[in-house]
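Now for the letters of each chain:
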Amino acid sequence: MKALPADLAAVARRMRGERRVALAVHERPDPDALGAAAGMADLFAQLGAEARLHLVGEPGPLPAADVVLAGVPVVTEPPSAGTPLYALDSGSIARLALGVASWDGPVVNVDHHHDNTRFGDLVLLRPAASSTAEVVCDLARALELAPRPAAAAALYAGLSFDSGHFRHASTSAHTLATAAWLVGLGVDPTAVHAALYERRSLGGLRLWARAVAGVREVAGGRALIALLTLDDVTGAGAGEGDTEGVVESLRAVAGVEAAALVREQSSGPRCRVSLRSRGLDVSAVAAARGGGGHRQAAGFSADESPEEVTAWLSSELARQLKTASS
């Protein structure tokens, strides 16, 4: 049998010795973060340990929760001090949905973001992986465990979401082999795809139309920025979560190298920005405002007005694109 990488073996060994752990994911978690958490909760259950996902201060419904969180215990209070913390899909402790900048207890960091600060006592970081769900699947195989049906579906959803349904550059042969392994465990790809991508409301469709109609060109069309205010959301009869996929549709336009969606929020920081690109490192743009993510998919929050954020983004993207061309 091929020897396991040292970091993978160390995390698997620690998991076998746990009896009660806390799971945490990044703020405003996406299906990859939640799917990875569901997968880890299932692995701990099979190992005889209790695992709960802590989401502190997270407003509104979670994306595709019926698929990515089926059966996972979720609590909205921080875990008890000293509890082993498994941080999933987050580049730093400060980005976790725990409202803390540090943790008084053991920390295991499982992630795939290239800008991860390598925090924690144990670090399992795979920047080349499509998703944290893919890394959790590697852990399952290291433990010689198979995720049970609900967890397998959650992991497949995370894999699908963060790989752009297997079309992003991070999609590797290993990604596809992992997806096939999960399908072999009983996952229905059609059902997962429908849960992730085929639930838009009519209000969401109208909101999408508003975003596209008001799109702004930057650097001669090399970048596109859409802006959605709370009035736009109300006028479309939509919810604040009905913007999934908008920024990806802008990036898909021929000749566009980067795209952004600026959306006003009713709680927390005034604006949330999602960035996508074909090659430009948009994580550098996000990092300049305290955010982060992947080179081609990143985001940040800001307290300025939507117009102010859009003006800054226009200037910064134009500058980055000019630098990339020189």
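From a predicted model like this one, the values you see are computed outputs, not experimental measurements.

Here we take up the side chain of Glu-18. Looking at the secondary structure, you find Glu-18 in the loop between helix 1 (6-17) and strand 1 (20-25). Given the relative accessible area of 6%, Glu-18 is considered buried. With residues up to four places along the chain from it excluded, the contact list for Glu-18 reads Phe-44, Ala-49, Pro-84 and Tyr-86.

Right, let's get into the sheet that holds strand 8 (residues 223-228). Pairing in this open sheet of 6 strands is mixed, and the strands run 7-8-9-10-12-11 from one edge to the other. Edge positions in the open sheet fall to strand 7 (216-218) and strand 11 (292-293), since each of these has one partner strand only. Sheet topology places strand 8 next to strand 9 (residues 258-264); 6 bridges connect them, and they run parallel. Note on strand 9: the bridge partner recorded for Leu-227 is Val-262. Its contacts with the sheet put helix 12 (residues 306-325) on strand 7, strand 8, strand 9, strand 10 (271-277) and strand 12 (297-302), and the angle it makes with strand 8 is roughly 170 degrees.

This next bit is on the nonpolar core. The nonpolar side chains of a soluble globular protein tend to be buried with one another. Membership of the largest hydrophobic core comes to 56 residues, with the highest contact counts inside it found for Met-15, Leu-23, Met-40, Phe-44 and Leu-53. With residues near it in sequence (within four places) discarded, Leu-53 still touches Leu-23, Ala-24, Val-25, Leu-34, Ala-37, Leu-69, Val-72, Pro-73, Val-74 and Val-75. Judged by nonpolar contacts, the second largest core, of 20 residues, contains Ala-223, Val-262, Leu-280 and Ala-298.

Let us look at the packing of aromatic side chains. Each aromatic ring pair is specified by the distance between its two centres and by the angle formed by the two planes. Under the defined criterion, the tally for this structure stands at 3 aromatic pairs. Judged by centre distance (5.0 Å) and plane angle (75 degrees), the ring pair of Phe-44 and Tyr-86 falls under edge-to-face. You can see Phe-44 sitting in helix 2 (residues 31-46) and its partner Tyr-86 sitting in strand 4 (residues 85-88), a full 42 residues away along the chain. As far as the burial class goes, Phe-44 and Tyr-86 line up, both buried. For the ring pair Phe-300 and Trp-312, a centre distance of 5.8 Å and an interplane angle of 85 degrees mean the geometry is edge-to-face. One end of the pair, Phe-300, is in strand 12; the other, Trp-312, is in helix 12, and 12 residues separate them in sequence. Assessed through its relative accessible area of 25%, Trp-312 is described here as partly exposed. In this arrangement the basic side chain of Arg-141 is found over the ring face of Trp-181, its NZ or CZ atom lying 4.5 Å from the centre. The side chain of Arg-289 reaches across the aromatic face of Trp-312, ending 4.8 Å from its centre.

Calculation criteria
Residues numbered from 1 in each chain as written. Predicted model: local features only at pLDDT ≥ 70, side-chain atom pairs only at ≥ 80, totals over all residues. Heavy atoms only, no water. Helix = DSSP H or I, 4+ residues; strand = E, 2+ residues; numbered from the N terminus. Buried < 20%, exposed > 50% of the residue type's maximum accessible area, 1.4 Å probe, protein only. Contact = heavy atoms within 4.5 Å. Pairing = 2+ DSSP bridges. Axes fitted to C-alpha atoms, helices over the stretch in contact; angles between N-to-C directions. Core = buried A, V, L, I, M, F, W, Y, C linked by side-chain atoms within 4.5 Å. Phe/Tyr/Trp six-rings, centres within 6.5 Å; stacked < 30°, edge-to-face > 60°. Lys NZ or Arg CZ within 6 Å of the ring centre and 35° of its normal.

Function cannot be inferred from these measures alone, as they are strictly geometric.
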